[in-house]
Amino acid sequence: MLEDSVRNRAYRKAIFDNVDSFKGKIVLDVGAGSGILSVFCAQAGASKVYAVEASETYKIAEEIAKENGFEHVIKVIHGRVEDVELEEKVDVIVSEWMGFYLLHEGMLDSVIVARDKFLSANGLMFPDSATLYAAPCSVPNMFEDWEDVEGISMKSFAQKLRHQASQKPVTAIIKSDHILAIPEAFCWFDLKEVKVSDLDTITVKHIFVSTKAARYQGISIWFTCTFPSSVTEPVILSTDPDDEPTHWKQTTIVLPEEVAVEEGEPVAVEVNLKRTTESERRYNIEVTMLDPNEIDHPEYCSCYMTKCILAKAVLKKYENNEFDN
């Protein structure tokens with residue numbers, strides 16, 4: 001992850017754009033790892049940085065702090081943030097806690113615990129919000145790429161790949177032109193308010209409208225995180241397919257069989273994320289294909305179904321005051 005320059009630049013910019021939030025302040029770095037974020041905070045003028053790391057990587061954090069001349073500012077603590085005690089409240093919590101599709105193998109639970117234990121009443125969190133997105137997509141490397149391999153059909157092999165993918169979502173880069181509809185922001189977390197119980201189950205039903213004639217082959221999920229700022233535009237760390245790739249890539253749930261869709265066609269799905277019973281840091285994802293006729297469409301749905309065309313026409317007349325008084 002240290003080689004993820006997108007991640008590193010986002011945190012560095014967010015911190016240095018807001019040096020007044022760090023200068024002379026007490027900072028807690030949850031899951032400090034190598035300590036790179038702790039050093040950023042110290043460079044920005046923090047008076048004390050508590051770098052909490054549960055793994056043996058804490059030794060590297062100690063070395064990095066000393067190497068950069070901040071061993072008297074950065075105090076590395078070996079332990080789980082749930083178990084450690086600090087001698088004071090902190091002004092800022094910084095953490096790179098995100099996992100694949102934000103939550104899988106992530107550390108948000110630990111950040112919430114740290115917030116409730118250590119953050120002062122007016123303290124800041126970097127980042128302070130996160131959003132999950134989803135969209136239908138094509139996944140050609142699970143379908144058409146195997147229809148002709150040097151003149152040989154390997155569709156049966158592709159079926160085995162898809163069966164394997166049905167047991168575990170695929171973490172890989174999705175090209176932006178393989179996204180088939182306007183993405184839906186289906187979950188938003190305010191990190192100053194979210195509770196651990198809010199993360200147990202996340203469910204959304206949505207009508208996507210295909211923006212092109214294509215082969216609908218999966219649902220892709222990704223996230224953004226936003227950092228607080230009182231001076232500049234907030235920094236956003238994005239794993240959107242349109243943006244520069246990160247080590248998180250995108251997470252795709254591959255359909256067992258593809259569906260041909262037309263431009264303007266409604267695609268109705270339910271996405272359910274639920275913690276596993278085996279580990280609180282792991283999630284199961286279920287995608288259910290729904291009948292677009294059986295669920296409510298949004299008020300301004302742009303699909304080609306007659307009811308939505310009529311509803312949109314009526315709403316447009318109201319907006320333009322075209323109805324007779």
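Residues numbered from 1 in each chain as written. Predicted model: local features only at pLDDT ≥ 70, side-chain atom pairs only at ≥ 80, totals over all residues. Heavy atoms only, no water.

Per an unreviewed UniProt entry, the protein is named Probable protein arginine N-methyltransferase 6.1 isoform X2, and its organism is Nicrophorus vespilloides.

Draft legend 1. Representation of unusual backbone geometry within the structure. Cis geometry is found at the peptide bond from F126 to P127, where omega equals -5 degrees. With respect to the helices and strands, P127 occurs in the loop between strand 5 (119-126) and strand 6 (129-137). Backbone geometry places L102, a non-glycine residue, at a positive phi of 80 degrees. In this structure, E105 is a non-glycine residue whose phi angle is positive, near 60 degrees. (Helix = DSSP H or I, 4+ residues; strand = E, 2+ residues; numbered from the N terminus.)

Draft legend 2. Inspection of the nonpolar core at higher detail. Counting residues in each nonpolar core, the largest one holds 83 residues, and the members touching the most others are L28, L102, F189, I221 and L273. Looking at which element gives the most residues to this core, the answer is strand 10 (residues 214-226), with six residues. Apart from residues lying up to four places away in sequence, F189 is in contact with L102, L103, D128, S129, A130, V194, L199 and I202. Grouped together as the second largest cluster of nonpolar side chains are 11 residues, V139, L161, W222 and V254 included. (Core = buried A, V, L, I, M, F, W, Y, C linked by side-chain atoms within 4.5 Å. Buried < 20%, exposed > 50% of the residue type's maximum accessible area, 1.4 Å probe, protein only. Contact = heavy atoms within 4.5 Å.)

Draft legend 3. Here's a closer look at the side chain of N272. Along the chain, N272 falls in strand 13 (residues 266-275). Among the residues examined, N272 registers a relative accessible area of 15% and is labelled buried. A polar atom in the side chain of N272 sits 2.5 Å from the side chain of T203. (Polar contact = N/O pair within 3.5 Å; in protein donor to acceptor, adjacent residues only side chain to side chain.)

Draft legend 4. Representation of the UniProt feature "domain: Protein arginine N-methyltransferase" (unreviewed entry) in the protein within the structure. Within this numbering scheme, the UniProt entry marks residues 128-287 as carrying the feature "domain: Protein arginine N-methyltransferase" (unreviewed entry). The distance separating the terminal C-alpha atoms of residues 128-287 is 28 Å; by composition the span is 8% helix and 44% strand. (UniProt positions renumbered as here; feature names shortened; annotations may be inferred.)

Draft legend 5. Examining the side chain of T239 more closely. Checked against the element boundaries, T239 lands in the loop between strand 11 (236-238) and strand 12 (250-261). Relative accessible area serves as the criterion here: at 2%, T239 is assigned to the buried category. A polar contact is formed between the side chain of T239 and the backbone oxygen of F223, at a distance of 2.7 Å. Aside from chain neighbours lying at most four places away, what touches T239 is W222, F223, T246, W248, K249 and Q250.

Draft legend 6. Fine view of the pairing of strand 2 (residues 48-53). Burial analysis of strand 2 places five of its six residues in the buried class, which makes it a mostly covered element. With five bridges joining them, strand 1 (residues 26-30) and strand 2 adopt parallel strand pairing. Paired with V27 across the two strands is V49, which belongs to strand 2. Each parallel crossover has a hand, and the one from strand 1 via helix 2 (residues 36-43) to strand 2 is right-handed. One ladder, built from five bridges, connects strand 2 with strand 3 (residues 74-78); its direction is parallel. The residue bridging A51 from the neighbouring strand is V76, located in strand 3. A crossover connection joins strand 2 to the parallel strand 3 through helix 3 (residues 58-67); in handedness this β-α-β unit is right-handed. (Pairing = 2+ DSSP bridges. Right-handed = clockwise from strand over helix to strand, strands pointing away.)

Draft legend 7. Examining the pairing of strand 6 more closely. The buried fraction of strand 6 is high, at eight of nine residues. In terms of strand pairing, strand 6 meets strand 8 (residues 184-190) through six bridges, oriented antiparallel. Of the residues in strand 8, the one forming a bridge with A130 is F189. Where strand 6 meets strand 10, nine bridges bridge the pair, whose relative direction is antiparallel. Bridging across to strand 10, Y133 finds its partner in W222.

Draft legend 8. Quick look at helix 4 (residues 108-118). Counting buried residues along helix 4, eight of its 11 residues qualify, which places the element largely inside the surrounding structure. All of the buried residues along helix 4 are L108, D109, S110, V111, I112, A114, R115 and F118. If you follow the buried residues of helix 4, they end up packed against strand 1, strand 4 (90-95), strand 5 and strand 13.

Draft legend 9. Representation of the environment of K155. If you trace the backbone, K155 turns up in helix 5 (residues 155-167). Here the alpha-carbon distance between K155 and S95, two residues 60 residues apart in the chain, equals 44 Å. Dropping the residues within four chain positions of it, K155 is found in contact with W146 and E147.

Draft legend 10. Here's a closer look at the packing of aromatic side chains. According to the stated counting rule, one finds six aromatic pairs in the structure shown. Geometrically, the ring pair formed by F22 and F126 is edge-to-face, given 5.0 Å between the ring centres and 65 degrees between the ring planes. Of the two residues, F22 is situated in the loop between helix 1 (5-16) and strand 1 and F126 in strand 5; the sequence distance between them amounts to 104 residues. Where F126 meets F227, the ring centres are 6.3 Å apart and the plane angle is 50 degrees; that geometry is what we call tilted. With F126 in strand 5 and F227 in the loop between strand 10 and strand 11, the pair connects residues that are 101 residues apart, well separated along the chain. A residue is classified by how much of its surface remains accessible, and F126, at 2% relative accessible area, is buried. Assessed through its relative accessible area of 1%, F227 is described here as buried. One aromatic cluster is present, built from ring pairs that chain together Y11, F22, F126 and F227. The aromatic ring of F16 is capped on one face by R12, whose charged end is 4.4 Å from the ring centroid. (Phe/Tyr/Trp six-rings, centres within 6.5 Å; stacked < 30°, edge-to-face > 60°. Lys NZ or Arg CZ within 6 Å of the ring centre and 35° of its normal.)

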